[in-house]
Amino acid sequence: GKRKANDNAGNPNQDLCDFLQELAQYERNVSKNVFKYNAYRKAAATLSGLPERVKSGEEARKLPGIGEKIAKKIEEFLTTGKLRKLEDINKDDTNVAINLLTRVSGIGPAKAKELVDAGIKTLEQLKEPRAKLNHHQKIGLKYFDDFEKRIPRKEIQEIERVMKNAIQDLDEEYIVTICGSYRREKEESGDIDALLTHPMYTSNGSKNNVASLKNIVDYLEKKKLIVDTISLGRTKFMGVCQLPGSKDKPFRRLDIRLVFHDQYYCAVLYFTGSDLFNKEMRAHALAMKYTLNEYALKRLTPEGTPGEAEEITCEEDIFRILKLPYKEPKDRK
Ligand code: DCP
Ligand code: MG
Ligand code: MN
């Protein structure tokens, strides 16, 4: 898995966000405490949205998602310029190694721990056969440096144009949306998350062969956009791309998901994120007696079982049914 960078230019609390993200990585990769992982990320998200610098732990304590313990850490960082907890974490070379290895795409906390326990602590040692990497992890290692580089918005716009032109060569009716941080209008992204559908490709349709992800991936390879495959299933491609004709540009992680047309806007909402925003949206849905996921929005019966899927033809439908004011992607933090 990759690291999340807080790329909010001119953020007056950048250093605080950075140490909170580092604590979050530690909780995810080493402690495996998802609760703390999310708590640190929520606090960092709050701080990264502030227009001014936080002056004290006490002031931070009043902000959403910042409780007593995180406020104390902010206070310590503001007064001493560092954090004892992080210094101690980084004194332990097992922690440092686990954190490094989880930066390889395809290596999660469990595999990283297994590797470090076997004495494999460097990228050089990962190349040894005894590391027993799977195909995804080998690709992650091969492109380690490139996959760590953030992707400028401009470059994704060009990749989007190449991808849409090529896919619509095959059938003009295909609909392609690049979601993720790009759709939230971030200046840089960690990867490219593309969704694909076709009006004839529906969950109750008989003509579901109108769309084949394999055909599309083959054609994007022919067009020199896709350069490597991590995995290719009926509905999900994970792989590597490079802007055609730009050999100097880094290789980029690209995911393409083929989604039923009637489930497309639930998928667009989900894959636009952010993941913290999705969590809040799902919690709100539950409070409204609905269940929301990447496929559908369903009313819950009094017994608490999901009913029929609501008809959703745009993202606005989802907000409207849940009685929420519409939020533009850029505001979904
Ligand atoms: N997503 C989610 N929960 C997860 C993982 C993903 O809700 N555990 C959704 C929200 C994300 C989207 O999928 O925005 C894409 O996932 P990414 O990991 O690619 O995240 P982003 O595109 O938001 O950020 P980055 O720029 O790092 O790729
Ligand atoms: Mg992404
Ligand atoms: Mn992604």
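This text goes with the structure placed above it.
Remember, it's a predicted structure, so these values are computed and weren't measured experimentally.

Novice: I keep staring at the packing of aromatic side chains and nothing clicks. Help me out?
Specialist: How two aromatic rings sit relative to each other is set out by the distance from centre to centre and by the angle between their planes. Counted by the stated rule, this structure contains eight aromatic pairs. Of the aromatic side chains, those joined through ring pairs into one cluster are Tyr-143, Phe-147 and Phe-251. Stacked on the ring of Tyr-182, the Lys or Arg Arg-153 has its end atom at 4.3 Å from the ring centre.

Novice: Whenever I open this one, the coordination of the magnesium ion (ligand 2) confuses me. Can you help?
Specialist: For a metal bound by four donors in a tetrahedral arrangement, the ideal donor-metal-donor angle is 109.5 degrees, while six donors in an octahedral arrangement ideally sit at 90 or 180 degrees. Each protein donor to the magnesium ion (ligand 2) is listed here as Asp-191 (OD) and Asp-193 (OD); together their distances run 2.0 to 2.2 Å. Separating the magnesium ion (ligand 2) from the manganese ion (ligand 3) is a distance of 3.6 Å, and Asp-191 supplies a donor atom to each of them. The residues Asp-191 and Asp-193 share a single accessibility class, namely buried.

Novice: Teacher, can you tell me more about the coordination of the manganese ion (ligand 3) here?
Specialist: On the protein side, the manganese ion (ligand 3) has Asp-191 (OD) and Asp-193 (OD) as donor atoms, found 2.0 to 2.2 Å from it. Overall, the relative accessible area of 13% leaves Asp-193 in the buried class.

Novice: Please explain the sheet that holds strand S6 (residues 236-241) as it appears in this structure.
Specialist: Within the open sheet, the five strands sit side by side as S2-S4-S7-S6-S5. Their pairing is mixed. Of all strands in the sheet, those bounded by a partner on one side alone are strand S2 (175-178) and strand S5 (226-232). For this sheet, the mean angle separating the axes of adjacent strands, direction not counted, is 25 degrees. Where strand S4 (residues 192-197) and strand S7 (residues 252-258) come together, five bridges link them in parallel fashion. Its bridge partner being in S7, Leu-195 is matched across the sheet by Arg-257. Here helix H9 (residues 135-142) sits on the sheet in contact with S5 and S6, set at roughly 150 degrees to S5. Sheet strands touched by helix H14 (residues 264-272): S2, S4 and S7. Its angle to S4, the strand with the most contacts, is close to 175 degrees.

Novice: Any chance you could explain the sheet that holds strand S10 (residues 306-309) here in plain terms?
Specialist: Neighbouring strands of a sheet are bound in pairs by backbone hydrogen bonds; such pairs are parallel or else antiparallel. One open sheet holds the three strands; their spatial order is S8-S9-S10, and the pairing between them is antiparallel. The two strands at the open ends of the sheet, each matched to only one other strand, are strand S8 (290-292) and S10. For this sheet the average axis-to-axis angle between neighbouring strands, irrespective of direction, equals 30 degrees. Pairing of S8 with strand S9 (residues 297-300) involves three bridges; the strand directions are antiparallel. The partner of Thr-291 across the bridge, within S9, is Lys-298.

Novice: How should the side chain of Thr-177 be read in this particular structure?
Specialist: One can find Thr-177 in strand S2. Here Thr-177 is in contact with Arg-183, Asp-193, Ala-194, Leu-195, Tyr-264 and Val-268, once residues within four sequence places are set aside.

Novice: For this particular structure, what's the right way to read the pattern of salt bridges?
Specialist: Where charged atoms of side chains with opposite charge meet at close range, the side chains can pair. Applying the stated criterion across every chain, the model contains 21 salt bridges. For Lys-113, the salt bridge identified is with Asp-117, shortest N-O distance 2.8 Å. In this pair, Lys-113 and Asp-117 both sit in helix H7 (residues 109-117), four residues apart, roughly one turn of the helix. Since its relative accessible area comes to 36%, Lys-113 is described here as partly exposed. Where Asp-317 meets Arg-320, a salt bridge forms, and the shortest distance between an N and an O atom there is 2.6 Å. One end of the pair is Asp-317 and the other is Arg-320, both in helix H16 (residues 315-321) and three residues apart, which spans about a single turn. Looking at Asp-317, the relative accessible area reads 10%, which means it is buried. Here Arg-320 falls in the exposed class, since its relative accessible area comes to 55%. Three or more residues are tied together by salt bridges with common partners; here these are Arg-183, Glu-315 and Arg-332.

Thresholds applied
Residues numbered from 1 in each chain as written. Chains lettered and ligands numbered in written order. Predicted model: local features only at pLDDT ≥ 70, side-chain atom pairs only at ≥ 80, totals over all residues. Heavy atoms only, no water. Phe/Tyr/Trp six-rings, centres within 6.5 Å; stacked < 30°, edge-to-face > 60°. Lys NZ or Arg CZ within 6 Å of the ring centre and 35° of its normal. Donors = N, O, S within 2.8 Å, 3.2 Å for Na, K, Ca; no water. Buried < 20%, exposed > 50% of the residue type's maximum accessible area, 1.4 Å probe, protein only. Pairing = 2+ DSSP bridges. Helix = DSSP H or I, 4+ residues; strand = E, 2+ residues; numbered from the N terminus. Axes fitted to C-alpha atoms, helices over the stretch in contact; angles between N-to-C directions. Contact = heavy atoms within 4.5 Å. Salt bridge = Lys/Arg side-chain N within 4 Å of Asp/Glu carboxyl O.

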